[in-house]
Amino acid sequence: MGVCWGPVVRVLVLQAAWALGGGQVRYSVPEEAKAGTVVGRLAQDLGLEAGEPEARRLRLVAQGRRASVEVSGASGALVVSSRLDREELCGKSAPCALRLEVLVERPLRVFHVELEVTDINDNAPLFPAARKNLSLSENSPPGSRLPLEGASDADVGANAQLSYTLSPSEHLSLDWQKTEEDSESLFLVLKRPLDRETMPEHRLVLSASDGGRPSLTGTMELVISVLDANDNAPQFNQSVYKVQLAENTERGSLVIRVIATDSDEGSNRNISYSLQYLFPPDRRDIFEIDRNSGEIRLRGDLDFEDIGFYRLQVDAADQGNPPLSGHCKVLVEVLDVNDNAPEVWVTSLSVPVPEDAAVGTVVALLSVSDRDSGANGRVRCAVWPAAPFGLVATFAGSYSLVLREALDRERVSEYEVEVRAEDGGAPALRASRGVRVPVSDVNDNAPAFAQAVYTVLARENNAAGAELARLWARDPDEAGNGRVSYSVAEGVGGGAVAGGGWRAASSYVSVDAESGRLWALQPLDYEEVQVLQFEVRAVDAGEPPLCGNATVQLFVVDENDNAPALLPPAPAGGGPGGGAAGSSGPGSGSGSGALWAWAAWGAPAGQVVAKIRAVDADSGYNAWLRYELWEPRGKGPFRVGLYSGEVSTARALEEADGPRQRLVIVVRDHGEPARSATATLSVSLVEGAEAALAAAGSSSSGAGPRPAAGAEGGAAAAAAATNVWLVVAICAVSSLFLLAVVLYGASRWAPRAAVLSGPGPATLVCASEVGSWSYSQRQSRSLCVAEGAGKSDLMVFSPNFPPPPVPAAKETQPEAPALVDTAQPECVAASTDGGGITIPHNHGVAVWGVKGMFSWMPA
């Protein structure tokens with residue numbers, strides 16, 4: 001059987017390598033490698049077969065700091081899991097090695113893995129300031145040197161190896177030296193003598209480039225001012241002084257004494273010292289120097305969290321004209337810790353803010369500072385409440401309080417804003433600053449009425465100047481922007497008046513400009529106008545003015561100020577002349593009239609002998625009329641329909657009832673108080689033949705036949721007339737011709753039969769289970785009907801009798817009283833489903849609906 005020696009040999013070789021290398025695997029990976037980058041095949045390098053990493057639970061154990069790498073489960077490869085930043089992990093230390101432990105089980109073994117994070121050139125050189133001011137005397141000899149501060153680079157190795165270049169200059173050059181104490185020294189060297197009159201100032205650019213690939217560069221501008229005179233400059237015994245101070249060093253303690261000498265003589269040899277802060281440039285109150293002795297003493301308090309390192313420059317200037325100076329550096333390292341709370345200041349405030357200010361408007365400028373350093377000096381700022389203002393960072397430590405949302409003064413007129421600052425220390429220190437922001441008003445709200453449409457009820461006959469209603473429009477603006485004045489819109493709205501005319505609403509009503517009180521200019525008359533619709537306008541005093549409108553619907557409520565009026569007689573058949581029935585004319589108060597009618601003896605009960613017609617100019621209950629038989633009282637032979645006004649027989653007429661019956665009929669409305677009119681009806685009782693001949697004569701002398709009002713009444717009258725003719729024929733055959741002549745003459749020359757109607761305003765009055773209403777004939781004289789419709793909602797009754805004869809008479813001849821038609825009315829059905837029919841104005845009808853009774857009284 002064959003033996004596979006390949007795996008065995010590989011394991012032996014790996015074990016030998018492990019033994020020789022001390023059991024450690026080394027990998028290298030560049031910083032900023034992307035997540036998922038494979039660092040090395042760890043499982044393969046450890047000698048594990050395929051499937052073993054997962055089976056033996058190959059895993060990584062980091063020691064100390066975050067490793068930022070992990071072992072892929074299935075493949076066993078070592079991959080990057082998160083961002084690798086060499087400067088964050090190791091700072092300036094080189095090399096940057098991470099020591100990892102790798103564990104496998106079955107059996108449990110520990111392997112050591114060393115991961116080196118190599119540097120890449122991701123940091124550019126940085127100078128301490130973007131601009132540096134220097135001075136040189138014009139008589140400075142060539143070779144004069146001005147010290148410069150070099151740049152720093154956070155990278156290591158070749159990436160941190162800096163080289164410096166100076167922009168071309170025929171007078172100045174750059175001298176770069178490396179020293180053990182300060183690592184490097186830069187000097188600006190004078191190559192040729194200067195001439196201040198030719199060029200008083202030299203501007204050069206100092207560039208620092210690192211050794212990375214590609215190389216990164218930082219720059220600093222040098223401004224060299226040329227002085228008018230020059231001598232030997234003072235020289236310090238040391239170019240760099242280093243000092244360490246504890247943070248609790250008391251004020252006034254000696255930090256160091258610097259000594260400078262000047263080879264000049266006289267006043268040019270007298271030296272005065274001055275101190276400049278190279279870093280940080282904004283702290284001028286910590287150290288002080290004695291101008292004569294060169295002693296540097298502690299003036300302020302040290303705070304390690306604020307500033308842990310100070311770089312000072314001491315200038316030694318002689319008293320020459322111009323003075324010359326020498327320079328040295330003092331490096332002060334501060335030890336220990338201290339904390340400070342943030343501070344918030346309002347540097348500028350623009351209030352009040354108009355409510356129409358645009359989003360993004362700057363309201364205030366804020367300055368936030370914290371004297372601590374590191375995390376303790378990182379300040380987070382927020383504004384409360386979060387709306388409608390927000391903070392925008394303009395630059396480090398400065399914020400703008402800006403408008404984030406639109407303002408509405410009517411909702412919030414003033415804001416109390418609190419700016420809160422919190423540092424990153426542990427525990428965190430906080431500070432806050434309150435800002436009061438008032439909002440100024442603009443005219444951005446139009447007056448608004450509480451209702452778009454106002455419904456006002458006003459009783460007619462009101463007094464002129466009476467208050468009808470009060471309108472009120474709200475304008476939430478302030479001062480003149482919210483001061484509202486009212487007016488009736490000109491040319492808009494009005495009301496239809498009787499007769500089909502139109503009048504403007506301003507002739508009826510007016511509105512008080514300040515209070516909005518709506519009052520009547522004149523008494524209102526329901527019979528003249530029922531509805532007024534107009535607009536009331538509310539205008540504020542802003543600039544520009546804004547306005548709001550409301551529609552006012554003024555309904556005139558009817559009062560019972562019109563009494564029922566009996567309709568005067570109308571000309572029959574459309575021809576002139578004819579008989580007339582006396583009646584009371586339209587007007588207020590009660591009235592009476594004398595009317596005549598014929599009735600035949602033996603007429604059955606229920607036969608209509610006359611119809612009283614009246615009209616009331618009011619509406620509703622005030623125009624709903626009822627008819628009552630006032631005289632004779634008791635059980636007489638006649639009765640009156642309560643709402644129809646029809647006079648009919650209560651029983652069969654007998655000779656004992658006499659030749660004439662006088663009926664007094666009172667017509668009342670339903671108003672409060674009720675108004676009435678009185679009609680006197682004289683009913684002549686005659687033989688049936690005479691009544692029939694009177695009716696026939698009236699029919700033949702009229703302009704044309706009229707529709708019957710009831711088939712049964714006509715049949716009964718015809719039967720009665722036939723019986724009378726038979727009795728007369730049997731009893732008096734000889735006098736038949738004479739009787740016929742007499743009857744013909746009587747029918748020819750008797751007064752015309754006419755309905756109790758006449759011209760005038762007609763009103764349709766409806767009474768039902770839910771109330772009553774009226775419709776004026778002045779507005780419409782059309783009923784909607786559908787001919788032949790199967791549904792009948794309205795029943796129209798009209799008297800059926802021919803028009804009376806028209807006698808030849810002069811125009812000045814007075815009309816004789818007319819007899820009331822004794823024929824039964826004919827029934828005609830009309831539907832309201834569609835179509836239209838015009839009721840002739842000289843026909844009186846009574847209309848019954850399905851749920852109520854209508855009375856139609858034409859003009």
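What this report covers is the structure whose coordinates are included nearby. Along each chain, residues carry numbers from 1 onward, in the same order as the chain's sequence is written. The predicted origin of the model limits local features to residues at a pLDDT of at least 70 and limits the giving and counting of side-chain atom pairs to 80 or more, whereas totals for whole chains, interfaces and linings rest on all residues. For the side-chain quantities, the full set of heavy atoms in the structure was used; hydrogens and water were omitted.

Examining the overall build of the chain
At step 1: Along the chain, the regular secondary structure elements total 7 helices and 59 strands.
At step 2: Between buried and exposed lies partly exposed: a residue is buried under 20% and exposed over 50% of the maximum accessible area for its type, with that area taken using a 1.4 Å probe on protein chains only. Here the chain holds 859 residues, and the buried ones make up 44% of them.
At step 3: Two residues form a contact once any of their heavy atoms are found within 4.5 Å. Considering only contacts in the chain between residues 6 or more positions apart, those separated by 24 or more positions represent 70%.
At step 4: A total accessible area of about 43,200 Å² is found for the chain, and carbon and sulfur atoms account for 53% of it. Going along the chain from the N terminus, every DSSP run of H or I of four or more residues is numbered as a helix, and every run of E of two or more is numbered as a strand. All accessible-area figures derive from a Shrake-Rupley calculation using a 1.4 Å probe, and residue coverage is judged against the displayed protein chains alone.

Focus: the side chain of D475
At step 1: When you line up the elements, D475 lands in the loop between β35 (473-474) and β36 (484-496).
At step 2: Put simply, D475 is tucked away with no salt bridge, and the nearest opposite charge, on R409, sits 7.2 Å away.
At step 3: The residues touching D475, leaving out its near neighbours within four places in the chain, are N445, A446, P447, N481, G482, V484 and D540. By the counting scheme adopted, Arg and Lys are positive, Glu and Asp are negative, and His together with the chain ends is not counted. Here a salt bridge means any side-chain nitrogen of Lys or Arg lying within 4 Å of a carboxyl oxygen belonging to Asp or Glu.

What about the nonpolar core?
At step 1: We call a set of buried residues a nonpolar core when its members are Ala, Val, Leu, Ile, Met, Phe, Trp, Tyr or Cys and they connect through side-chain atoms within 4.5 Å of each other. Counting residues in hydrophobic clusters, the biggest one holds 28 residues, and the most contacted among them are F449, L468, F534, V552 and L554.
At step 2: Elements that contribute at least two residues to this core include exactly β33 (453-459), β34 (467-470), β36, β38 (509-511), β39 (517-520), β40 (531-540) and β41 (547-557).
At step 3: Counting 27 residues, the second-largest nonpolar core is a separate cluster that includes Y241, A260, Y273 and L298.

Digging into the sheet that holds strand β14 (residues 217-227)
At step 1: Read from one edge of the open sheet, 4 strands run β8-β14-β13-β10, paired in mixed fashion. Unpaired on one side and paired on the other, β8 (131-137) and β10 (163-166) mark the two borders of the sheet. Here the strands of the sheet are splayed against their neighbours by 25° on average, with no regard to which way each runs.
At step 2: Note on pairing: DSSP must find at least two bridges between two strands before they are called paired. Here 9 bridges tie strand β13 (residues 201-209) to β14, and the two strands are oriented antiparallel to one another. If you follow V205 over to β14, its bridge partner there is E221. Only the stretch in contact is used when fitting a helix axis, every axis being a line fitted to C-alpha atoms; angles between N-to-C directions are given from 0 to 180 degrees.

Overview of unusual backbone geometry
At step 1: For the peptide bond that leads from W384 to P385, omega is -5°, which places it in the cis range.
At step 2: Across the junction of E631 and P632, the peptide omega takes the value -5°, indicating a cis bond.
At step 3: In this fold, P632 is placed in the loop between β46 (625-631) and β47 (638-640).
At step 4: Although it is not a glycine, N461 adopts a positive phi angle of roughly 65°.
At step 5: Counting through the fold element by element, N461 comes out in the loop between β33 and β34.
At step 6: According to the relative accessible area criterion, N461 is partly exposed, its value standing at 46%.

As for the sheet that holds strand β12 (residues 185-190)
At step 1: The 3 strands lie next to each other as β9-β12-β11, forming an open sheet whose pairing is antiparallel. A strand with exactly one partner marks an edge of an open sheet, and here the two such strands are β9 (145-148) and β11 (172-177). Neighbour-to-neighbour, the strand axes of the sheet open up by a mean angle of 30°, direction not taken into account.
At step 2: Relative to β12, β11 runs antiparallel, the two sharing 6 bridges. Considered in β12, the bridge of D175 is made with F187.

Examining the pairing of strand β26 (residues 362-369)
At step 1: The sheet contact formed by strand β24 (residues 343-349) and β26 spans 6 bridges and is antiparallel. Its bridge partner lying in β26, W345 is registered against S367.
At step 2: Pairing analysis gives 5 bridges linking β26 to strand β29 (residues 398-403), with the strands arranged antiparallel. The residue of β29 that forms the bridge with L366 is Y399.

Focus: the packing of aromatic side chains
At step 1: In this scheme Phe, Tyr and Trp rings, the latter by its six-membered ring, pair at centre separations within 6.5 Å, and the angle between planes marks the pair as stacked below 30 degrees, edge-to-face above 60, and tilted otherwise. Taken as a whole and judged by the stated rule, the model has 9 aromatic pairs.
At step 2: Geometrically, the ring pair formed by F287 and Y310 is edge-to-face, given 5.2 Å between the ring centres and 85° between the ring planes. Highlighted residues: F287 in strand β20 (residues 287-289) and Y310 in strand β22 (residues 309-318), separated in sequence by 23 residues. Just as F287 is buried, Y310 falls in that class too.
At step 3: Between F389 and Y415, the ring centres sit 5.4 Å apart and the planes meet at 90°, which makes this aromatic pair edge-to-face.

A few points about the pattern of salt bridges
At step 1: Within this structure, the stated rule accounts for 20 salt bridges.
At step 2: Across the pair R420 and E418 runs a salt bridge whose closest N-O atoms are separated by 3.3 Å.
At step 3: Under the relative-accessibility criterion, R420 is labelled partly exposed at 40%.
At step 4: Given the relative accessible area of 25%, E418 is considered partly exposed.

What to know about the pairing of β14
At step 1: Note: β8 against β14, 7 bridges, orientation parallel. Bridge pairing in β14 places L134 opposite I224.

Regarding the side chain of S272
At step 1: Mapped onto the elements, S272 comes out in strand β19 (residues 271-279).
At step 2: Its relative accessible area of 17% is what places S272 among the buried residues.
At step 3: Here S272 is in contact with R291, D315, A316 and A317, once residues within four sequence places are set aside.

Here's the deal with the environment of T249
At step 1: The residue T249 is located in the loop between β16 (240-246) and β17 (254-257) in this model.
At step 2: Here T249 falls in the buried class, since its relative accessible area comes to 18%.
At step 3: As for T249 and L335, which are separated by 86 residues in sequence, their C-alpha atoms are 9.9 Å apart.
At step 4: Identification of polar contacts relies on pairs of N or O atoms within 3.5 Å, with a donor-acceptor requirement for protein atoms, meaning one able to donate a hydrogen and the other able to accept it, and with residues adjacent in sequence counted only if both atoms are side-chain atoms. Among the polar contacts listed, one links the side chain of T249 to the backbone oxygen of A246, at a separation of 2.7 Å.

Here we look at the environment of P125
At step 1: With respect to the helices and strands, P125 occurs in the loop between β7 (109-118) and β8.
At step 2: By relative accessible area, P125 is classed as buried at 5%.
At step 3: Sequence-wise, P125 and A154 are 29 residues apart; in three dimensions their C-alpha atoms are separated by 7.8 Å.
At step 4: Not counting the four nearest positions on each side in its chain, P125 is found in contact with A151, S152, D153, L162, A208, S209, D210, L216, T217 and G218.

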